[in-house]
Amino acid sequence: MELQVNLNSEVGRLRAVVLHRPGPELEKMAPSTIHQALYSDLLDPETARKEYRQLEAVLGQASRLLYIDDLVQELLETNPQARSFLLSSIADACPQFKKEEAETLPAGRLAELLVQGMPGTGLNPLYNLYFTRDIGVCFNNRSMPAHMATQVRSREILLADALYRFHPLFARNSSRVNPWEGAGPAARFEGGDFQVCGKDVFVVGQGARTNRNGLDAFIAAKRQESGLFHVITQELPFEPESFIHLDMVFTFLDRTHCMAYKPLVFDKFRYQTRLLKVENGVVREEVFDTIFDALHSLGYDYSPVFCGNDRGEYPEREQWHSGANFFAFAPGKIIGYGRNRHTIEALSNAGYEVVRAGDVLDGKVAVGAEDDGKKAVYTLESSELVRGGGGCRCMTMPVCREDL
């Protein structure tokens, strides 16, 4: 089956997802560059790659894995226009970059250097690229580059934009939309804050990385093709860093459950939830107590499973380590960090079979990716990946799902 962009939910059976293995770029991080790179600690790259292989093993049995490095190399090898566009975009953003020298490099080597950094050119390593979620989003039959809040991740957007413009996977059905060209520099919109509940229902976090200007730009783009749609917005705190995106406090699990960090999602007195109804270009706002109340008003009967199992200090501890950040590859088939034991217990109590992702990697169990009503949570080992500040949803950019 020929793949094309199709994404109308967060939980429909996954057909294709874009990943990036943690690579040599992580080995180039030093204590002096940790905070510039948006990290709180150094990672052991070898251990991170071992953990990442568990993610690949689970998702590889459920869907087609696409690697952003390979996609970029394909463009550089096969499409002179795309190669020129990407290198020109990088040169415009980084005056020290010498486009003429880069053009002489073989496509494979150039693709490596664009990710791992090029000393003396102003191109730093892309330390955060294994969090492919943030740099672009797919919704309906559209692909849209993000508009990052931090300069250190700006080159990642250029890679995503070039892929969305030129790679056959995205270009064959003219999926690309880019609302940022006229949105102004103040607009901010990152993939971790964006979730697709239905074809015309979206949930967007507003906080440190996505603002109202970015949301308005997305609404303007969506309005070009839909006369009626809804956007639920959830206000987020700007600190601590564990609240960086919506998917750190709220993720969809199946047709009936969402994972939620209760202290924030259900604290109606501090962080506001709004429902925006966009009809024929007119935006009407209504305030709700929670995301769940807004979803219920639209006919979605979701119930929460609580991060940390709503017990004592565990919600705060486990949310800090991406305990609410799960990725669904089919309805009720999810993957997340096993270290968050009380959250996993809450999922078990909600009917999810607990399966070690390491057992999938070792060939001891197979992944059930069918839409069969059975629920399972695949638990990923994480002592290093989590140090990057994100979870399994952060490490995935879904391109194609089956419609529910």
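Residues numbered from 1 in each chain as written. Predicted model: local features only at pLDDT ≥ 70, side-chain atom pairs only at ≥ 80, totals over all residues. Heavy atoms only, no water.

Trainee: Help me understand the pairing of strand 2 (residues 64-67), please; the structure alone is not making it clear to me.
Mentor: Within a regular strand, side chains alternate between the sheet's two faces. As defined by bridge partners, strand 1 (residues 14-19) adjoins strand 2 across four bridges and the pair is classed as parallel. Following the sheet pairing, Val17 is matched in strand 2 by Leu65. In terms of handedness, the path from strand 1 via helix 1 (residues 45-62) over to strand 2 forms a crossover that is right-handed. (Pairing = 2+ DSSP bridges. Helix = DSSP H or I, 4+ residues; strand = E, 2+ residues; numbered from the N terminus. Right-handed = clockwise from strand over helix to strand, strands pointing away.)

Trainee: What should I look at first to understand the sheet that holds strand 1 in this one?
Mentor: Adjacent strands of a sheet form backbone hydrogen bonds with each other and so pair up, either parallel or antiparallel. Strand order in the open sheet made by the three strands is 2-1-17, with mixed pairing throughout. The strands lining the two open edges of the sheet, one partner per strand, are strand 2 and strand 17 (397-401). On average, each strand axis in the sheet is tilted by 20° relative to the strand beside it, whichever way the strands run. Bridge analysis of strand 1 against strand 17 gives four bridges, and the strand direction is antiparallel. The partner of Ala16 across the bridge, within strand 17, is Cys400. In the packing of helix 2 (residues 68-78) onto the sheet, contacts are made with strand 1 and strand 2, and the angle to strand 2 comes to roughly 60°. (Axes fitted to C-alpha atoms, helices over the stretch in contact; angles between N-to-C directions. Contact = heavy atoms within 4.5 Å.)

Trainee: What is the right way to look at unusual backbone geometry in this model?
Mentor: As a rule of thumb, non-glycine residues mostly have phi less than zero, and peptide bonds are mostly trans rather than cis. A cis geometry characterises the amide bond from Glu239 onward to Pro240, with omega recorded as 5°. Within the secondary structure, Pro240 sits in the loop between strand 7 (228-235) and strand 8 (250-252). The phi dihedral of Leu38 is positive, around 75°, even though this residue is not glycine. The class of Leu38 is partly exposed, set by a relative accessible area of 29%. Although it is not a glycine, Asp310 sits at a positive phi angle of roughly 55°. You can see Asp310 is positioned in the loop between strand 12 (303-306) and helix 11 (314-320). Asp310 sits in the partly exposed class, given a relative accessible area of 39%. (Buried < 20%, exposed > 50% of the residue type's maximum accessible area, 1.4 Å probe, protein only.)

Trainee: Would you mind going over the packing of aromatic side chains with me for this structure?
Mentor: By convention here, two paired aromatic rings are described through the distance between centres and the angle between planes. Tallied over the full model, the rule gives 20 aromatic pairs. Centroid distance Tyr130 to Phe131: 4.2 Å. Interplanar angle 40°. Geometry classified as tilted. Judged by its relative accessible area of 0%, Tyr130 falls in the buried class. Since its relative accessible area comes to 4%, Phe131 is described here as buried. Note on Phe250 and Phe252: the rings are 5.2 Å apart at their centroids and 80° apart in plane angle, and the pair reads as edge-to-face. (Phe/Tyr/Trp six-rings, centres within 6.5 Å; stacked < 30°, edge-to-face > 60°.)

Trainee: Teacher, can you tell me more about the nonpolar core here?
Mentor: Where a protein is soluble and globular, its nonpolar side chains tend to be buried together. Core analysis: the largest hydrophobic core is formed by 65 residues, its most contacted members being Leu86, Phe139, Phe194, Phe218 and Val231. Among the elements that line this core, the one with the most residues is helix 6 (residues 154-166), at eight residues. Formed by 39 residues, the second largest nonpolar core is a distinct cluster that contains Leu55, Tyr130, Phe329 and Ile335. (Core = buried A, V, L, I, M, F, W, Y, C linked by side-chain atoms within 4.5 Å.)

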